[in-house]
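# Examining the three-dimensional arrangement
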Amino acid sequence: MHRRSALLAAVPLVALAAALGGCSAEGVSTADVTVRADGVPFTFEVPPEFTDEQVGERDTRGDVVLVRALDKVDVIAVRRVGGATLPAGDVPGRVLGKAVTSRLHAVPGAPGWALECQWTAARRGHVLDACAKAVRTLRLR
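Keep in mind that what you see is a predicted model, and the values were worked out from it rather than measured.

## Quick look at the sheet that holds strand 2 (residues 42–46)
One open sheet accounts for three strands, arranged 1-2-9; its pairing is antiparallel. The sheet terminates laterally at strand 1 (33–35) and strand 9 (139–140), the two strands that pair on one side only. Set on the sheet, helix 2 (residues 124–136) makes contact with strand 2 and strand 9; between it and strand 2 the angle comes to about 145°.

## Some points on the side chain of S102
Checked against the element boundaries, S102 lands in strand 7 (residues 98–106). Among the residues examined, S102 registers a relative accessible area of 6% and is labelled buried. At a separation of 3.3 Å, a polar atom in the side chain of S102 contacts the side chain of E116.

## So, the sheet that holds strand 5 (residues 75–80)
Strand order across the open sheet formed by six strands is 3-4-5-8-7-6, with antiparallel pairing between neighbours. Strands at the two margins of the open sheet, each flanked by one partner only, are strand 3 (51–53) and strand 6 (91–95). When the angles between neighbouring strand axes are averaged without regard to direction, this sheet yields 35°. Relative to strand 5, strand 4 (residues 63–69) runs antiparallel, the two being bridged by six bridges. The residue of strand 5 that forms the bridge with V67 is A77. Packed onto the sheet, helix 2 meets strand 5, strand 7 and strand 8 (113–119) and runs at close to 160° relative to strand 8.

## A look at the nonpolar core
F42, F44, I76, V78 and L115 are the most contacted members of the largest nonpolar core, which has 22 residues in total. Elements with a minimum of two residues in this core: strand 2, strand 5, strand 8 and helix 2. At five residues, helix 2 tops the list of elements feeding residues into this core. Not counting chain neighbours up to four residues away, the residues in contact with L115 comprise F42, F44, I76, A77, V78, R103, L104, H105, V107, A134, V135 and L138.

## Considering the state of the cysteines
Per the counting criterion, the structure on display carries one disulfide. Across a sulfur-sulfur distance of 2.0 Å, C117 and C131 are joined as a disulfide pair. Taking the sign of the torsion about the S-S bond as the criterion, the disulfide between C117 and C131, at about 80°, is right-handed. Highlighted residues: C117 in strand 8 and C131 in helix 2, separated in sequence by 14 residues. Given a relative accessible area of 3%, C131 falls into the buried group.

## Some details on the packing of aromatic side chains
Scanning all chains against the criterion turns up two aromatic pairs. Here the aromatic rings of F42 and F44 are separated by 6.3 Å at their centres, their planes lie at 35°, and the arrangement is tilted. Each member of the pair, F42 as well as F44, is classed as buried. Taken together, a centroid distance of 6.1 Å and an interplanar angle of 80° make the contact between F42 and W113 edge-to-face.

## Let's talk about the pattern of salt bridges
All told, the structure shown has seven salt bridges when counted by the stated rule. Notably, a salt bridge pairs R68 with D52, separated by 2.8 Å at the nearest N-O pair. With R68 in strand 4 and D52 in strand 3, this pair connects stretches of sequence that are 16 residues apart. For R68, a relative accessible area of 10% translates into the label buried. Classification of D52 as exposed rests on a relative accessible area of 60%.

Definitions and cut-offs
- Residues numbered from 1 in each chain as written.
- Predicted model: local features only at pLDDT ≥ 70, side-chain atom pairs only at ≥ 80, totals over all residues.
- Heavy atoms only, no water.
- Pairing = 2+ DSSP bridges.
- Helix = DSSP H or I, 4+ residues; strand = E, 2+ residues; numbered from the N terminus.
- Contact = heavy atoms within 4.5 Å.
- Axes fitted to C-alpha atoms, helices over the stretch in contact; angles between N-to-C directions.
- Buried < 20%, exposed > 50% of the residue type's maximum accessible area, 1.4 Å probe, protein only.
- Polar contact = N/O pair within 3.5 Å; in protein donor to acceptor, adjacent residues only side chain to side chain.
- Core = buried A, V, L, I, M, F, W, Y, C linked by side-chain atoms within 4.5 Å.
- Disulfide = S-S within 2.5 Å.
- Phe/Tyr/Trp six-rings, centres within 6.5 Å; stacked < 30°, edge-to-face > 60°.
- Salt bridge = Lys/Arg side-chain N within 4 Å of Asp/Glu carboxyl O.

Listed below in structure tokens is the structure:
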């Protein structure tokens, strides 16, 4: 019995070590992901559940270079904006038949680039939290 109780006592320590190391007990990463792409002059961080998504030009409203997403419409995207003045505040729209809201953030020190956060009502809080992290962690390369 002594051996079994020692083994049972070790289980919480293994879970703690995994959590501190950026993984859950199931082996899924819980660490933020640094996003970078060739030709993009900055990096930023997003939570691990925001995964790479293919850019479907017919599904976007402009020059989107890369997307990290929860799904096809709840996204954080990198967009080329040229010399355009960015709209202030939230902009409603429709993407893939769903009502979405988006917000553009200029990238300080990288003129012509913006970080776009787009969400549906159901995922507003989750996307805005991730967006705040992405904006806070913007770093020029």
